[in-house]
Amino acid sequence: MSDISRQKIKHQTGQYELLVGQGLLADIAKYLDSIGATGPIGIITNNTVNELYGATLRDSLKAAGLVTRTILIPDGEAYKTLASAEQVISALIAQGMERSGTIITLGGGVTTDLGGFVASILFRGVKLVHIPTTLLAMVDAAVGGKTGVNHSSGKNLIGSFYQPDLVLMDIDTLSSLDLRDRISGYAEMFKMGAIRDKEYLQFLFSNMDELLNSKPGDKLVKGISRSCALKAQIVEADEKEADLRRILNFGHTLGHALETTLGYGEIRHGEAVILGMYGAGWLSNQVGQLSNEEWEKLADMLGKIPLQLSLETVDPVAIEQATRLDKKVANSQLHFVLLKKIGEAHIQAGIPVLMIKLAVETLKNVWKDNT
Ligand code: NAD
Ligand code: GLY
């Protein structure tokens, strides 16, 4: 059994505890006590995760005398909508949810985003506990206080900043996760290392197999906790994304264009971010910021991530067109997160959209050889 990592995450109006370890789900009641959660507990989850882990969670809460209500949302990004949020709220109210109650989200980023959003608006805000069960939700979605749902004209266009009262990451839940979802989470950890901590990036690369296997143990706990700590430092400095927090979008400009072009069912968010980081790293080198030596190192590390994806159908022209629609474009020039060196990122204005096509052509060549 690995040690439990505990850290306090500070934000504008307070702080919360973030725990990473094994067996935490069955011990949830103990941790809820620390935040004074006594009222009804509304568990927001989906069928997939409920079947796997819902009973363990409910049994622990019931044993502690807590009243629970489980609200199921359909599985998938397509259900991260305002309509779903309203249905969840109606179900919670119908089942006796109170202002003094607590919402627990149990699931991946879709669930933590939707559930966090519901918690932020129901009765103008109720206690919120995230129990992320995907690697991506652990290292990204459940930390930092962004909640939200999608709108027909774009992803995450409706939402709030709402910090949780407790975040509990039980790494045992990762054993049931699909490999592509683990790679997707690993991508966001890799991003944190690339933009903030070269030593951590080396740790991630050296232990890639173990982390991608989600083998429960100290390395997985360390990998997740460090990523959360790095993200929390950035969020603490710039909670509402006025400036510094934008570096968390490293790999995301190109990544989003790939997601939009290929379709959300075809490519995981993190897979697109891996490709996007390759493109952004290449650009950083092309504009003379990232040295050849560091670029080759970064490219080698990214190229070794075993993407379960064919880039055959990726059309560089279509990707370039998609980036033209990006919020960060003005006069056919993009704001891009680039690297000055590994571990140091910044926002660079004036990157010509035309360079995107070249970046995509380059990465298509790399992954052609690897797949
Ligand atoms: P997801 O929530 O759709 O989960 C992926 C799949 O894994 C789903 O089918 C889910 O049911 C299943 N699943 C979850 N836990 C499982 C487990 N332990 N075992 C087996 N299957 C499991 O997707 P995701 O990748 O976790 O999250 C993506 C979402 O997160 C997107 O909506 C994205 O916008 C959001 N996000 C938010 C932030 C933020 O800061 N708020 C950051 C990054 C991503
Ligand atoms: N996932 C980006 C952010 O939290 O700001």
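Right, let's walk through the structure included here.

**Considerations on the nonpolar core**
At step 1: Residues Ile224 and Leu298 are the most contacted members of the largest nonpolar core, which totals 80 residues.
At step 2: Tallying contributions element by element places helix α11 (residues 269-286) first for this core, with nine residues.
At step 3: Sequence-distant contacts of isoleucine 224, that is, excluding residues within four places in its chain, are made with Val20, Leu135, Met138, Val139, Met169, Ile171, Leu174 and Met189.
At step 4: Listed in part, the 21 residues of the second largest apolar core include Leu19, Leu32, Leu61 and Leu166.

**Here we look at the sheet that holds strand β12 (residues 344-352)**
At step 1: Across the sheet, which stays open at both edges, the three strands sit in the order β10-β11-β12 with antiparallel pairing between neighbours. Edge positions in the open sheet fall to β10 (329-330) and β12, since each of these has one partner strand only.
At step 2: Here two bridges tie β10 to strand β11 (residues 333-341), and the two strands are oriented antiparallel to one another. When the bridges of β11 are listed, valine 329 appears paired with leucine 334.

**Brief notes about the pattern of salt bridges**
At step 1: Counted under the stated rule, the structure contains 19 salt bridges.
At step 2: The closest approach of N and O atoms between aspartate 113 and lysine 80, which form a salt bridge, is 2.8 Å. Linking aspartate 113 in helix α4 (residues 109-121) with lysine 80 in the loop between β4 (68-73) and α3 (82-94), this pair joins segments that are 33 residues apart in sequence.
At step 3: Here lysine 198 makes a salt bridge to glutamate 294, at a shortest N to O gap of 2.7 Å. Of this pair, lysine 198 sits in helix α7 (residues 198-206) while glutamate 294 is found in helix α12 (residues 292-303), placing the two residues 96 residues apart along the sequence.
At step 4: With relative accessibility at 12%, the residue glutamate 294 sits in the buried group.
At step 5: One salt-bridge network, held together by shared partners, links Glu77, Lys80, Asp113 and Lys155.

**Some points on empty space enclosed by the protein**
At step 1: Using the criterion set out here, one finds one cavity of 30 Å³ or more in the structure.
At step 2: In this structure, the largest cavity occupies an estimated 30 Å³ of space.
At step 3: Lining the largest cavity are His130, Ala141, Ala142, Val143, Gly145, Lys146, Thr147, Tyr162 and Pro164.
At step 4: For the lining of the largest cavity, a count of residues per class yields five nonpolar, three polar and one charged.

**Things to note about the site of ligand 1**
At step 1: Taken together, 25 residues form the shell around ligand 1, and within it Glu77, Gly109, Thr133, Thr134 and Ser176 come nearest.
At step 2: In this structure, lysine 80 approaches ligand 1 through a side-chain N or O atom, which is 2.9 Å from an oxygen atom.
At step 3: Residue glycine 109 places a main-chain N or O atom 2.8 Å away from an oxygen atom belonging to ligand 1.
At step 4: Mapped by element, the contributors of at least two residues to the shell around ligand 1 are α2 (47-63), α4, α5 (135-141) and β8 (154-161).
At step 5: Here the shell around ligand 1 takes four residues from α2, the largest share from any one element.
At step 6: Within the shell around ligand 1, the residues separate by chemical class into seven nonpolar, nine polar and nine charged.

**Quick word on the pairing of β8**
At step 1: Alignment of strand β7 (residues 146-151) against β8, held across five bridges, turns out to be antiparallel. Among the inter-strand pairings, lysine 146 is bridged to a residue of β8, identified as phenylalanine 161.
At step 2: The turn joining β7 and β8, which pair antiparallel and follow one another in sequence, is formed by two residues.

**Some thoughts on the site of ligand 2**
At step 1: In the vicinity of ligand 2, the residues found are Asp140, Lys146, Lys231, Glu241, Arg245 and Leu248.
At step 2: Taking arginine 245, its side chain carries an N or O atom lying 2.8 Å from an oxygen atom of ligand 2.
At step 3: In isolation ligand 2 exposes 200 Å². Once the protein is present, 84% of that is buried.
At step 4: Partitioning the shell around ligand 2 into residue classes produces one nonpolar, no polar and five charged.

**Quick notes on α12**
At step 1: With 12 residues, α12 should reach 16 Å at 1.5 Å per residue; the first-to-last C-alpha distance of 16 Å fits that figure.
At step 2: Of the residues making up α12, those classed as buried are Glu294, Trp295, Leu298, Ala299, Met301, Leu302 and Gly303.

**Some thoughts on the packing of α3 against α4**
At step 1: Look at α3 against α4: their axes get within 10 Å of each other, and the N-to-C directions meet at 60 degrees. In terms of their interaxial angle, α3 and α4 are classed as oblique. Here α3 runs over α4; the crossing is right-handed. Across from Leu82, Ser84, Ala85, Val88, Ile89 and Leu92 in α3, the residues of α4 making contact are Leu114, Phe117, Val118 and Ile121.

**Focus on the pairing of strand β9 (residues 166-170)**
Each regular strand carries side chains that alternate between the two faces of the sheet.
At step 1: Counting buried residues in β9 gives five out of five residues, a clear majority hidden from the surface.
At step 2: Residues Leu166, Leu168 and Asp170 of β9 are buried on one face, and the alternating residues Val167 and Met169, pointing to the opposite face, are buried as well.
At step 3: The pairing of strand β6 (residues 127-132) with β9 spans two bridges and is parallel. Residue pairing in the sheet places valine 129 in a bridge with leucine 166 of β9.

What counts and how
Residues numbered from 1 in each chain as written. Chains lettered and ligands numbered in written order. Predicted model: local features only at pLDDT ≥ 70, side-chain atom pairs only at ≥ 80, totals over all residues. Heavy atoms only, no water. Core = buried A, V, L, I, M, F, W, Y, C linked by side-chain atoms within 4.5 Å. Buried < 20%, exposed > 50% of the residue type's maximum accessible area, 1.4 Å probe, protein only. Helix = DSSP H or I, 4+ residues; strand = E, 2+ residues; numbered from the N terminus. Contact = heavy atoms within 4.5 Å. Pairing = 2+ DSSP bridges. Salt bridge = Lys/Arg side-chain N within 4 Å of Asp/Glu carboxyl O. 1 Å grid on protein atoms, 1.4 Å probe; cavity = no way out; pocket = protein on both sides within 12 Å on 5 of 7 lines; lining within 4 Å. Points joined across faces, edges and corners; volume = space filled by probe spheres on them. Nonpolar A, V, L, I, M, F, W, Y, C, P; charged D, E, K, R; others polar. Near = heavy atom within 4 Å. Polar contact = N/O pair within 3.5 Å; in protein donor to acceptor, adjacent residues only side chain to side chain. Areas by Shrake-Rupley, 256 points an atom, 1.4 Å probe, with all protein chains shown as cover. Expected span 1.5 Å × (residues − 1). Axes fitted to C-alpha atoms, helices over the stretch in contact; angles between N-to-C directions. Parallel < 35°, antiparallel > 145°, perpendicular 65-115°, else oblique. Left-handed = near helix turned anticlockwise from the far one by under 90°.

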